[in-house]
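# Tertiary structure, described
Spelled out from the first residue to the last, the chains are:
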Amino acid sequence: MNKNFDFKKSLGQNFLKDENIIKKIVNEITATKDDLIIEIGPGAGAITKHLSALHTNVICFEIDKRLKEDLDKYKTDKLDIIYDDFLKIDLKETLKKYNYKNITFIGNLPYYITTAIINKITEQSNPKEIIIMIQKEVAERFMAKPNTKEYSSISVFLQYNYDIKKVTLVSKECFIPKPKVDSMVIKLTKKTDSKVINKEQFYKLIKDSFTQKRKNLRNNLKNYDKEKLEKILKTLNKDLTFRAEQLSIDDFIEISNNL
Ligand code: SAH
């Protein structure tokens, strides 16, 4: 890489330089030759350079065309690099061009768009695994358990759909330039059993329940059938004075399925 490369903070450009961490990330990939790997933000190719060895189709999305010189050398007939904003591309349309069994997403993401990227990935595709480097505090929120202040609607949404595993903590020293925050690599693996009858209703219930985190269910679920809610909550040994953070994922499933 060009020694004078002007790292753009606005693009979350903190490139990995620690080969140990890079290996740990790559080792989590279970994709085989019938699968598809999508890398978001390959940068100068720290992770990318290991991907062609897996003999699967790989698509990388990098917004910064200045990295073309570094990245194009990793292109093969199976590894393509698209210089575009991942948040703007039509993911569904792109995926139509490929034959694959399962999708793996991988990336050391720009932290300020972590949630937007996860939303896009989960709304426009159905990945089997997502291996991402994110801000440590955000990772903790994703993995949070009920009755903690980190527990939020995204915890319920993600843990309902995925098993989430901490791969490794990553110190600031592992990057160039050093970021201000600590990072964590996590791996999300799609759960196969779906216990929810109506997913849309389930997601709406989660969102509504957490609208104002400090308020109780009576407040946040004002527009729901109060009697029905009370009845269901009673079977869970709870009532409308409980707050969303006191409900487990199974509680939310039970409420949604009985509404
Ligand atoms: N994966 C590399 C680089 C990580 S830095 C490594 O680990 O070393 C984050 C990368 O994401 C940068 O290269 C940045 O240019 C890119 N990026 C930022 N926003 C993006 C977007 N919206 N779409 C695609 N890539 C983006």
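Conventions used here
- Residues numbered from 1 in each chain as written.
- Predicted model: local features only at pLDDT ≥ 70, side-chain atom pairs only at ≥ 80, totals over all residues.
- Heavy atoms only, no water.
- Patch = residues over 30% accessible without salt bridge, like charges linked within 9 Å, V, L, I, M, F, W, Y side chains within 5 Å.
- Areas by Shrake-Rupley, 256 points an atom, 1.4 Å probe, with all protein chains shown as cover.
- Salt bridge = Lys/Arg side-chain N within 4 Å of Asp/Glu carboxyl O.
- Lys, Arg positive; Asp, Glu negative; His and termini not counted.
- Charge placed at Lys NZ, Arg CZ, Asp CG, Glu CD.
- Helix = DSSP H or I, 4+ residues; strand = E, 2+ residues; numbered from the N terminus.
- Buried < 20%, exposed > 50% of the residue type's maximum accessible area, 1.4 Å probe, protein only.
- Near = heavy atom within 4 Å.
- Polar contact = N/O pair within 3.5 Å; in protein donor to acceptor, adjacent residues only side chain to side chain.
- Nonpolar A, V, L, I, M, F, W, Y, C, P; charged D, E, K, R; others polar.
- Contact = heavy atoms within 4.5 Å.
- Axes fitted to C-alpha atoms, helices over the stretch in contact; angles between N-to-C directions.
- Parallel < 35°, antiparallel > 145°, perpendicular 65-115°, else oblique.
- Left-handed = near helix turned anticlockwise from the far one by under 90°.
- Domains from an automatic or database assignment.

Taken together, D225, E227, E230 and D239 make up a surface patch of like negative charges. Turning to its location among the elements, E230 is positioned in helix α10 (residues 226–235). Taking the relative accessible area as the measure of exposure, E230 reaches 36% and is therefore partly exposed.

With that settled, the discussion passes to the site of the ligand. Lining the immediate environment of the ligand, one finds 22 residues, of which L16, G41, E62, D85 and N108 sit closest. Contact distances for the ligand include 2.8 Å between a nitrogen atom and a backbone N or O atom of G41. Between G43 and the ligand, the recorded distance is 3.4 Å, taken from a backbone N or O atom to an oxygen atom. Within the shell around the ligand, the residues separate by chemical class into eleven nonpolar, six polar and five charged.

Of the positions making up helix α8 (residues 199–209), those classed as buried are F202, L205, I206, D208 and S209. Looking at the packing, one finds that the buried side of α8 touches α7 (153–161), α9 (217–220) and α11 (249–258).

Relative orientation of the contacting elements α10 and α11 amounts to 140°, with a least axis distance of 10 Å. Classified by the angle their axes make, α10 and α11 are oblique. The two elements α10 and α11 cross, and the hand of that crossing is right-handed. Contacts between α10 and α11 involve K228, L229, I232 and L233 from the former and E254, I255 and N258 from the latter. When its residues are assigned to classes, the contact of α10 with α11 shows four nonpolar, one polar and two charged.

What follows concerns unusual backbone geometry. Looking along the chain, the bond that leaves I176 and enters P177 is cis, with omega of -15°. Within the secondary structure layout, P177 lies in the loop between β8 (175–176) and β9 (183–190). Although it is not a glycine, H55 sits at a positive phi angle of roughly 60°. For H55, the position within the fold is in the loop between α2 (48–51) and β3 (57–61). Assessed through its relative accessible area of 54%, H55 is described here as exposed.

Our next topic: the domain arrangement of the protein chain. Domain annotation for the protein chain reports domain 1 (9–190) and domain 2 (199–258). Here the C-alpha centre of domain 2 lies 32 Å away from the C-alpha centre of domain 1. Counting residues at the interface gives 15 residues for domain 1, matched by 14 residues for domain 2. For the pair domain 1 and domain 2, the number of links is six residue pairs in polar contact (both at pLDDT 80 or more).

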